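The lines below spell out each chain.
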2 protein chains.
Amino acid sequence: MLQFDKLSLNIPDTDKPRVVVIGGGFGGVNLVKGLKGKGFQVVMFDKQNYHGFWPLLYQVATAGLEPDAIAEPLRKLFDEYDDFHFRLVRVTGVDPTRKVVKTLIGEITYDHLVIATGSKSNYFGNDQIKNNSFPLKGIPDALNLRSQLLQSFEQASIIKDPEVRQSLLNFVIVGGGPTGVELAGSLAEMRKHVLPNDYPGLDFSKMNIYLVEGMDRVLPPMSPESAASTQGYLDKLGVITKVKTLVDSYDGEVVTLKSGEQIKTQTLIWAAGVTGATIDGMPAESVDRGRYIVDLFNRVKGTDEIYAIGDIAFMASEEWPKGHPGVAQPAIQQGEHLATNLTLLHRGGELRPFSYFDKGSLAIVGRARAVADLPKNLHLSGFIAWMAWLFVHIWYLVGFRSKLVVMSNWIYRLFTYDRGTRLIIRPYVRKDDKPGQDFALSNTGEVDSMQ
Amino acid sequence: MLQFDKLSLNIPDTDKPRVVVIGGGFGGVNLVKGLKGKGFQVVMFDKQNYHGFWPLLYQVATAGLEPDAIAEPLRKLFDEYDDFHFRLVRVTGVDPTRKVVKTLIGEITYDHLVIATGSKSNYFGNDQIKNNSFPLKGIPDALNLRSQLLQSFEQASIIKDPEVRQSLLNFVIVGGGPTGVELAGSLAEMRKHVLPNDYPGLDFSKMNIYLVEGMDRVLPPMSPESAASTQGYLDKLGVITKVKTLVDSYDGEVVTLKSGEQIKTQTLIWAAGVTGATIDGMPAESVDRGRYIVDLFNRVKGTDEIYAIGDIAFMASEEWPKGHPGVAQPAIQQGEHLATNLTLLHRGGELRPFSYFDKGSLAIVGRARAVADLPKNLHLSGFIAWMAWLFVHIWYLVGFRSKLVVMSNWIYRLFTYDRGTRLIIRPYVRKDDKPGQDFALSNTGEVDSMQ
């Protein structure tokens, strides 16, 4: 097989200034779009070959959408661009003094480096939880979680021990932010409309959905009004919400809360927090709690020609002393803004400070129910908010095709209540499973087929 | 984790006759549909939780469709049925004398057993080829192959050694039947319309698609006329076809043909033949070259109340002395027919012999090009055949939703030439790879995300 020494980044040297972008998320993609035709050579690194619309990731996890609906190949996004080079390769570090980015297959020099690596799940140092819980940060995570959910119902249908069956039917979601709320909502909708038909042998009054939040209410980042109506929806959907509650430990079988309460579950979903995906070789002074400290021009503190945008950037302003919320909008706006500034820089113009235009925030709670905080302290909820949610999310989906796919899925579902994609296409095997075990109860992708 | 002794099939005993069906393919699914409301308890076993429309599997492999377009959850198909029980569990054998089916989590008695296990790839005993080649028998196979194709282009973009690059750009498809032809055609279309935009740094005049067939022409099961026009299309598309050619060995790097010719390739796709997925415990006399010998009533030779339908059944008739072709139609018709016979049996009626209604066969060759053999020796080719192909395949897709998804995909593609789903969502790792190696060059589903 291929050895690294046989590989090289293989990027041509031109006289154009080279912008190296690490990460193809909202920040990176919008930066590259803004740099089109502005006389730069642009190099993008990512270890995935696609740009994902992560606000809809929970839909993939709950069998509502397939990955192609929320992801677009990065090469396809930029296939019309001159002197743009995508490399599917892992970045191992940077050397600011030599102005090089290091990857597993070689290094490359930069004139401008843009760090847009986003965030990763934060387990606050608890490796036991990290190893036993399900994160939801990318498509493989979502497919693993989908398989785990469906496999739990399959196993619950053939289990003798009622206690184990209950632990298969208990789902604990840690983190009451948008992801946690949206997951809890969809799961509750599935329990109501889909699962009883699929598993007539199972008693779904025994299926419990727990939503555990450390703060004193769900959706801490949103307004009290939206939080209140969201809590109302969740209660109506039968989600068991536990606020002011922290998780102490999870061994893969039992969650122990700080209060001492214990819940037996085979499925703990970790949506409790994120931290920046930092890179080796950056000066210590540039980092503050996992994010790079940037000025109003997204320049990373204590470095030269290194910029950070999106979740990984910590930009303190008068309006946002704690930095911007870790959502798509700041990343998109910073990407566009930095593209303008880099262009100005090379035309001898003056850099413009970034200011965040808050378009408000949205969260969906089950079918045709959502909440929205709009500027000027305006709050929407219910069907209108859901329509707004739908519109905004489809609007921001990359690619005409994705918009089509998602649209048709939503329309189909609005009328049928059904979720089309309950396929175990990526069977989840726990680290401590013997292959044969999972093999018995689900498709393992072996050659021999039994259809 | 769950131990088998904690699990049981958990199927209620009723006074209704119990039909146990092994396999949820075309045969099994149509049998169950035919038994609806006829007074049976029906138990279905499969190790996948979905019914797949395998004629379109090559589309998933070539990034044309996502799995949900060609697969339907088995539980969803039958969620309206009374006393129907699906179990996602592996069958380990049968005991005809005790009339029981054995699974990894226990056994169950049957009044009627229907074996509809279909076929699996046949490597003619060559384990080296089995371990190094890519089969295309199920959705995980298709996703693995898709990842391998895309990863090959990614790696070809960053490889120094021109010889290794060439081996990454050589794709060898063994087997000139419909699957091989359809794969070769789509790959050639991608080379023409999609890949050069995605990989501007690669010289696709160097990408070679080999189609290797042992017989003296492609599409042996189809008419000489259709084979001829297919060969014409393949030539126009630049597929290198080698007929009367057998593969001797493949070590993962080099294919050696019986002629002694060698081709360096990282990707060998095995579509060269299938054999029946037989079950332990069946009498030796019942098996003929991997298939169960059945009479005109699908009763397996030398057994009592055991039936076989579809690919796994060998029914010799005057018209079909070598049995029926291993395609969807015989399986569908035998499933429907056996349902009628089992119902007649319990109503004291007389069993009716099966006779196969040949509706003709179809194969697609690239975009808007297909060939069709219709009854009465009628042959279609070109766009008309393609429309027929499209219509038939969408017609036979299970589920209104799948029809919608496939339709919109086809329309989108007919106009854009694009294939939407070039996502590496199931990175393929060879058995001999060190994880770190693949890790560097593609997303491995690790928690830490870099978007």
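Values in this document were obtained by computation on a predicted structure and should not be read as measured data. (Residues numbered from 1 in each chain as written. Chains lettered and ligands numbered in written order. Predicted model: local features only at pLDDT ≥ 70, side-chain atom pairs only at ≥ 80, totals over all residues. Heavy atoms only, no water.)

All names here are of chain B. Among the structural elements, Val101 can be located in strand β7 (residues 100-103). Separated by twelve residues in the primary sequence, Val101 and Leu113 place their C-alpha atoms 8.3 Å from one another. The contacts of Val101, once residues within four sequence positions are left out, are Val20, Ile22, Phe45, Val91, Gly93, Val94, Gly106, Glu107, Ile108, Tyr110 and Leu113. (Helix = DSSP H or I, 4+ residues; strand = E, 2+ residues; numbered from the N terminus. Contact = heavy atoms within 4.5 Å.)

Below, the discussion takes up the pairing of strand β23 (residues 361-364) of chain B. All names here are of chain B. In this sheet, strand β24 (residues 370-374) lies alongside β23 in antiparallel orientation, the contact comprising four bridges. Note that in β24 the partner of Ser361 across the bridge is Asp373. Where β23 folds back onto β24 in an antiparallel hairpin, the turn is made up of five residues, including Gly366, whose phi is positive at roughly 70 degrees. (Pairing = 2+ DSSP bridges.)

All names here are of chain B. Across its 14 residues, helix α12 (residues 383-396) extends 20 Å between first and last C-alpha, which sits within 8% of the 20 Å expected from 1.5 Å per residue. Those residues of α12 that fall on the buried side of the exposure criterion are Ala385, Trp386, Trp389, Leu390, His393 and Ile394. The buried side chains of α12 occupy one side of the element, clustering within an arc of 160 degrees when seen end-on. Exposed side chains of α12 directed beyond 90 degrees from the buried face belong to Ile384, Phe391 and Trp395. (Expected span 1.5 Å × (residues − 1). Buried < 20%, exposed > 50% of the residue type's maximum accessible area, 1.4 Å probe, protein only. Arc of directions from axis to C-beta.)

Quick look at helix α6 (residues 162-169) of chain A now. Residues and elements named next belong to chain A. For α6, every residue scored as buried is listed here: Val164, Ser167, Leu168 and Leu169. Contact partners of the buried residues in α6: α5 (139-156), β11 (170-174), β12 (208-212) and β16 (262-264). Two or three places before Glu163, at the start of α6, stands the capping residue Asp161, its side-chain oxygen 2.7 Å from that residue's backbone nitrogen. (Polar contact = N/O pair within 3.5 Å; in protein donor to acceptor, adjacent residues only side chain to side chain.)

The next point concerns the pattern of salt bridges. For the structure shown, the criterion picks out 26 salt bridges over all chains. For A:Glu154, the salt bridge is made with B:Arg75, and the minimal N-O distance between the two is 2.8 Å. Within this pair, whereas A:Glu154 is found in helix α5, its partner B:Arg75 is found in helix α4 (residues 74-77), the two belonging to separate chains. Of the two residues, A:Glu154 and B:Arg75, neither departs from the other in class, the shared state being buried. Taking the shortest distance from any N to any O, the salt bridge between B:Arg289 and B:Asp288 comes out at 3.1 Å. The structure contains a network of salt bridges with shared partners spanning A:Asp95, A:Arg98 and A:Glu107. (Salt bridge = Lys/Arg side-chain N within 4 Å of Asp/Glu carboxyl O.)

This next bit is on the pairing of β7(B). Residue and element names in this part refer to chain B. Summarising the sheet, strand β6 (residues 91-95) and β7 pair through four bridges and their orientation is antiparallel. Across the sheet, residue Gly93 finds its bridge partner in β7, namely Lys102. Here β6 hands over to β7 after four residues, with Lys99 in that stretch at a positive phi of 55 degrees. Counting the residues in the hairpin turn of β7 and strand β8 (residues 106-109) gives two residues.

Below, the discussion takes up the sheet that holds strand β15 (residues 254-257) of chain B. Residues and elements named next belong to chain B. Spatially, β14-β15-β16 is the arrangement adopted by the three strands of the open sheet, whose pairing is antiparallel. Because the sheet does not close on itself, it has two edges, and the strands there are β14 (247-250) and β16 (262-264). Along the sheet, successive strands turn relative to each other by an average axial angle of 20 degrees, direction set aside. Looking at chain direction, β15 and β16 are connected through three bridges and run antiparallel. Counted as the bridge partner of Val254 is Lys264 from β16. (Axes fitted to C-alpha atoms, helices over the stretch in contact; angles between N-to-C directions.)

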